[in-house]
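Architecture and fold: a report
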Amino acid sequence: MEIKIGIKNVSREIALDIEEGRKEEIIKALETGGILRLSDKRESEVVIDASAIAYVDFAPTHQNRIGFAL
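So, here is what we can say about the structure in this document.

Cut-off values and rules
- Residues numbered from 1 in each chain as written.
- Predicted model: local features only at pLDDT ≥ 70, side-chain atom pairs only at ≥ 80, totals over all residues.
- Heavy atoms only, no water.
- Helix = DSSP H or I, 4+ residues; strand = E, 2+ residues; numbered from the N terminus.
- Buried < 20%, exposed > 50% of the residue type's maximum accessible area, 1.4 Å probe, protein only.
- Contact = heavy atoms within 4.5 Å.
- Pairing = 2+ DSSP bridges.
- Axes fitted to C-alpha atoms, helices over the stretch in contact; angles between N-to-C directions.
- Core = buried A, V, L, I, M, F, W, Y, C linked by side-chain atoms within 4.5 Å.
- Salt bridge = Lys/Arg side-chain N within 4 Å of Asp/Glu carboxyl O.

**Here's the deal with the overall build of the protein chain**
In terms of helices and strands, the protein chain carries one helix and five strands. Helices and strands in the protein chain line up, N terminus first, as β-β-α-β-β-β. Expressed as a percentage of the 70 residues in the protein chain, the buried residues total 27%. At a minimum sequence separation of 6, the contacts of the protein chain that also span at least 24 residues come to 45%.

The following block contains the structure:
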């Protein structure tokens, strides 16, 4: 699952490819306002203060594309 995390007062977003089961952990961290630690499938790790998160966009890994590009 691909997620995009927007941070308050930062123009760029964080994009990670994580396991499907981590969605509930992210939502719980947002509700409690704690520290969110995520590991990407490419072995990169991100630590974020949940109170600084503006939004989280959950998207499936395989998206249907429309157009002529492959």
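**Re the sheet that holds strand β2 (residues 13–17)**
Spatially, the three strands line up as an open sheet ordered β2-β1-β5, and their pairing is antiparallel. Sheet topology places β2 and β5 (53–59) at the edges, where each strand pairs with a single neighbour. Strand-to-strand, the axes of this sheet are offset by a mean angle of 15°, without reference to chain direction. Direction of pairing for strand β1 (residues 2–7) relative to β2: antiparallel, over a ladder of five bridges. Residue I5 lies in a different strand from β2, and its bridge partner there is I14. Those strands touched by helix α1 (residues 23–32) are β1 and β5, and its axis lies near 165° from that of β5.

**Things to note about the nonpolar core**
Grouped together as the largest cluster of nonpolar side chains are 14 residues, with contacts concentrated most on I3, I5, I26, L38 and I53. Only β1, α1, β3 (35–39), β4 (45–49) and β5 provide two or more residues apiece to this core. Sorting elements by how many residues they give to this core places β1 first, with three residues. Those residues in contact with I26, other than ones at most four positions away along the chain, are I3, I18, L36, L38, V56 and F58.

**Remarks on the pattern of salt bridges**
With the rule as written, the count across this model stands at three salt bridges. Notably, a salt bridge pairs E45 with R37, separated by 2.9 Å at the nearest N-O pair.

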